[in-house]
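Structural characterization, general
One letter stands for each residue in the lines below.
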Amino acid sequence: MYRLSRMRFIFPIGLLLCFFLDGSVSSVFSDFLFSYPYSTVSHLVVLWMVLGVIQEGRNERVIPFTFFAVVIGIIFDSYYAGILGLFVFLFPIIIWVTRMLTKNFAANFLNSIMIFFIDIALLELLNYVAYSIVGVISVSFSDFVLHTLAPTLALNLVYFVILYLPISAIYDKYARLRS
Amino acid sequence: MQKFFSNRRLVLICVLLILCFGLMAGSVALRNKKSTPTLVQQFGNDIVGFTNNVVSYPINGIKSGLDSVSELMNSYSENKILKKQVSGLAQVKVRDQTLADENAQLKKELKLQKSLTDYSTVTAAVISRTPSSWQSQIIISKGQTDGIRKNMPVLSQSGLIGRISEVNKTNSKVELLSDSNDSSNRFAIQIKTSSGDVVNGIVTGYKKSTGQLIMGQVTSDADIKKNDKVVTSGMGGVTPKGLYVGKVAKVGKDDYGLAKKIYITPAADYNDISVVSVAEID
C-alpha cells in the first residue's frame with residue numbers, strides 16, 4: 001500500500017524540508033521571534049506530521065508516522081539541541097496523542113486546529129518539564145506560560161491557518177493508492 | 001509474576017521514561033566533559049549540516065535581498081552621519097597601525113612571544129538556529145577541520161556574542177550569551193572606569209526581560225559609571241584580552257546589599273547575526 005504510493009518520497013522530503021525551515025525561520029526572523037523577553041518556537045515539523053495523521057483518519061494507514069517521528073526526533077536532538085533523548089520521545093508521543101484525538105472527532109478544520117493546539121501545548125509543556133528536571137533551565141512556570149507558551153501557540157496557529165489547505169491537499173492527492 | 005508482566009504497557013512506559021532521562025542526563029554530562037561529541041553523532045551532524053546548507057542558502061539569499069531594500073530606504077540619512085565619522089576614522093586607523101607596530105617591536109625586544117591580546121580569527125556563516133525557547137544556540141559553517149575547538153569565544157562585527165559549545169567536523173554550535181544554560185556566559189571581564197581604574201569580574205547571569213548581562217559580586221570601591229566600557233580580561237587563558245562586550249547600563253546592589261551588581265548592555269545584537277568570527281589565541 002504505502003510502497004505503491006508516491007507519499008513514500010513526498011513525506012520524508014517534506015519532513016526534512018520542514019525540519020530545516022524551522023531552523024532557518026528561527027535564524028532569519030530571530031529579531032522578531034526572540035525579542036526580549038519572549039521566545040517563540042517554530043514547529044513546522046509537528047504541523048507536517050500532525051496534518052498527516054489527521055488526514056490518515058480519512059484515508060488508510062499508509063505512512064509509518066511513528067518511525068519517521070523517531071528518526072526526525074533523533075536528528076533534532078543531535079543537530080539542533082545537542083542534548084539527546086528528548087524529542088526522540090516527544091515526537092512519537094505527539095503522534096500517539098493525535099491518533100487518540102482524531103479517533104474521537106470528525107476531521108474538519110475546527111477540530112483539527114483544536115487538536116494541533118493541544119499538541120503544541122503538550123509538546124512545549126513536556127519540553128519545559130523535562131529540561132527543568134534535568135537542570136538545563138531554571139525558569140518559573142508563570143514565565144514559561146507567558147513568555148514561551150503563549151507566543152509559540154500564536155505563531156504555530158498562524159502557520160496552521162495558512163498551511164492547512166495546501167498541506168491537506170498534498171496528503172489528499174498523494175496518500176491514496178496510485179490508480 | 002505473571003500479573004506484573006500482564007501490564008506490559010506500564011512497564012514499557014517506565015523503561016522509556018528511564019531511557020529518556022538517562023539519555024538526557026548522560027548527554028548533558030558528556031557535553032560538559034568531552035571536547036567533541038561521539039563520532040557517530042559528529043558524523044550525523046555533518047551530514048545534516050551539509051543538507052542544511054542547501055536549504056538555508058536560498059533563504060539567506062532572500063533575507064539579504066530584503067535587508068538591502070530596507071537599507072536603501074534610510075541610506076541617505078545614514079550616509080550623512082557616516083561621512084563625518086569616516087573622515088575621523090582614517091586618522092584613528094593610522095594611529096592604531098602605528099601603535100600595533102610599535103607594540104610588536106617592543107614585544108620583540110622584550111622577547112615576549114605571545115601575550116593575551118594576540119589572537120587570530122576564523123570567519124564563519126550562520127547556517128541555522130535551534131528552534132527552541134530554552135537554548136539560544138546558532139549553528140555555524142566551520143568546524144574541527146578549520147581549527148575550531150570547544151570553548152573558543154565567538155564575535156559578531158560589534159562584539160562578543162558567545163562561545164563554541166559543540167564541535168563537529170564541518171559545523172559547530174555556538175551558545176549565545178543569552179542562553180539560559182548557567183555555564184554558557186561565564187566570561188572573565190573587566191570594566192575600565194573613566195578615572196582609569198580596572199575592575200575585574202565575571203559575567204554571572206543574563207536578564208532576559210531587559211536583554212542585559214549581569215556582572216555580580218563586585219566588591220571594588222572604584223567609581224563605576226554608566227557607559228563605562230566592558231571588555232574581556234583574558235584571565236583563564238581561553239579567551240583573549242580586549243574583546244568588546246558592552247557598556248555599563250546600571251550599577252545596583254546585590255540581594256544582601258554588600259556587593260555591587262552591574263548591568264551591562266551588550267554591544268552585539270544576539271538576534272541579528274549572519275556572520276561570526278571565532279577568536280583563537282595564538
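First, a word on scope: everything that follows refers to the structure included in this document. (Residues numbered from 1 in each chain as written. Chains lettered and ligands numbered in written order. Predicted model: local features only at pLDDT ≥ 70, side-chain atom pairs only at ≥ 80, totals over all residues. Heavy atoms only, no water.)

**What about the overall build of chain B?**
Of regular secondary structure, chain B possesses 4 helices and 12 strands. Buried positions account for 40% of the 282 residues belonging to chain B. Of all intrachain contacts in chain B linking residues separated by at least 6 positions in sequence, the fraction that spans at least 24 positions is 57%. Of the roughly 16,500 Å² that chain B leaves accessible, carbon and sulfur atoms contribute 59%. Charged side chains in chain B number 36 positive and 24 negative. The centres of these two groups are separated by 6 Å. (Helix = DSSP H or I, 4+ residues; strand = E, 2+ residues; numbered from the N terminus. Buried < 20%, exposed > 50% of the residue type's maximum accessible area, 1.4 Å probe, protein only. Contact = heavy atoms within 4.5 Å. Areas by Shrake-Rupley, 256 points an atom, 1.4 Å probe, with all protein chains shown as cover. Lys, Arg positive; Asp, Glu negative; His and termini not counted. Charge placed at Lys NZ, Arg CZ, Asp CG, Glu CD.)

**Here's the deal with the interface of chain A and chain B**
Each side of the interface is counted separately: chain A has 43 residues, and chain B has 46 residues. Buried surface at the junction of chain A and chain B, summed over both partners, amounts to about 4,000 Å²; 65% is from carbon and sulfur atoms. The three residues of chain A that bury the most area against chain B are Phe20(A), Tyr36(A) and Tyr79(A), which together make up 19% of that side's buried surface. One can count 0 salt bridges joining chain A with chain B. (Buried area = accessible area lost by both parts, 1.4 Å probe. Salt bridge = Lys/Arg side-chain N within 4 Å of Asp/Glu carboxyl O.)

**Description of the sheet that holds strand 2 (residues 137–140) of chain B**
Residues and elements named next belong to chain B. If you trace the 6 strands once around the closed barrel, you get 1-2-5-4-3-12, paired in antiparallel fashion. When strand polarity is set aside, the average angle formed by the axes of neighbouring strands in this sheet is 45 degrees. Direction of pairing for strand 4 (residues 160–167) relative to strand 5 (residues 172–176): antiparallel, over a ladder of 5 bridges. If you follow Glu166 over to strand 5, its bridge partner there is Lys173. Its contacts with the sheet put helix 3 (residues 39–73) on strand 1 (119–129), strand 4 and strand 5, and the angle it makes with strand 1 is roughly 75 degrees. (Pairing = 2+ DSSP bridges. Axes fitted to C-alpha atoms, helices over the stretch in contact; angles between N-to-C directions.)

**Re helix 7 (residues 141–174) of chain A**
The terminal C-alpha atoms of helix 7 of chain A, which comprises 34 residues, lie only 42 Å apart, well short of the 50 Å expected from a rise of 1.5 Å per residue. Approximately 55 degrees is the largest bend angle found in helix 7 of chain A, and it occurs at Leu163(A), with the proline Pro166(A) only one to four residues beyond. (Expected span 1.5 Å × (residues − 1). Bend = angle between axes of the 7 residues up to and from the residue.)

**Remarks on the packing of aromatic side chains**
The full count for this structure, using the stated rule, is 25 aromatic pairs over all chains. Here Phe76(A) and Phe87(A) contribute two aromatic rings whose centre-to-centre distance is 4.3 Å and whose plane-to-plane angle is 40 degrees, an arrangement assigned as tilted. One end of the pair, Phe76(A), is in helix 4 (residues 65–81); the other, Phe87(A), is in helix 5 (residues 87–104), with 11 residues separating them in the sequence. Here Phe76(A) and Phe87(A) have matching classes, each one buried. In this structure an aromatic cluster arises from ring pairing among Phe19(A), Phe20(A), Phe76(A), Tyr79(A), Tyr80(A), Phe87(A) and Phe91(A). Its end group placed over the ring of Phe34(A), Arg129(B) keeps NZ or CZ at 4.0 Å from the ring centre. (Phe/Tyr/Trp six-rings, centres within 6.5 Å; stacked < 30°, edge-to-face > 60°. Lys NZ or Arg CZ within 6 Å of the ring centre and 35° of its normal.)

**A few points about the sheet that holds strand 8 (residues 212–218) of chain B**
Strand pairing within a sheet occurs via backbone hydrogen bonds; the two strands may be parallel or antiparallel. Residues and elements named next belong to chain B. Spatial strand order, 6-7-8-11-10-9: 6 strands in a closed barrel with antiparallel pairing. Strand-to-strand twist of the sheet, defined as the mean angle between neighbouring strand axes without regard to direction, takes the value 45 degrees. Inspection of the sheet shows strand 9 (residues 229–232) paired to strand 10 (residues 244–253) by 3 bridges, in the antiparallel sense. Opposite Val231, over in strand 10, you have Tyr244 as the bridge partner.

**Section: the nonpolar core**
Phe11(A), Phe19(A), Met49(A), Phe91(A) and Tyr131(A) are the most contacted members of the largest nonpolar core, which has 64 residues in total. Elements with a contribution of two residues or more to this core: helix 1 (7–28), helix 3 (44–58), helix 4, helix 5, helix 6 (109–134) and helix 7 of chain A together with helix 2 (8–33) and helix 3 of chain B. With 10 residues, helix 3 of chain A is the single largest residue contributor to this core. In terms of nonpolar packing, the next biggest core, distinct from the first, is built from 38 residues, Val126(B), Leu155(B), Leu177(B) and Tyr270(B) among them. (Core = buried A, V, L, I, M, F, W, Y, C linked by side-chain atoms within 4.5 Å.)

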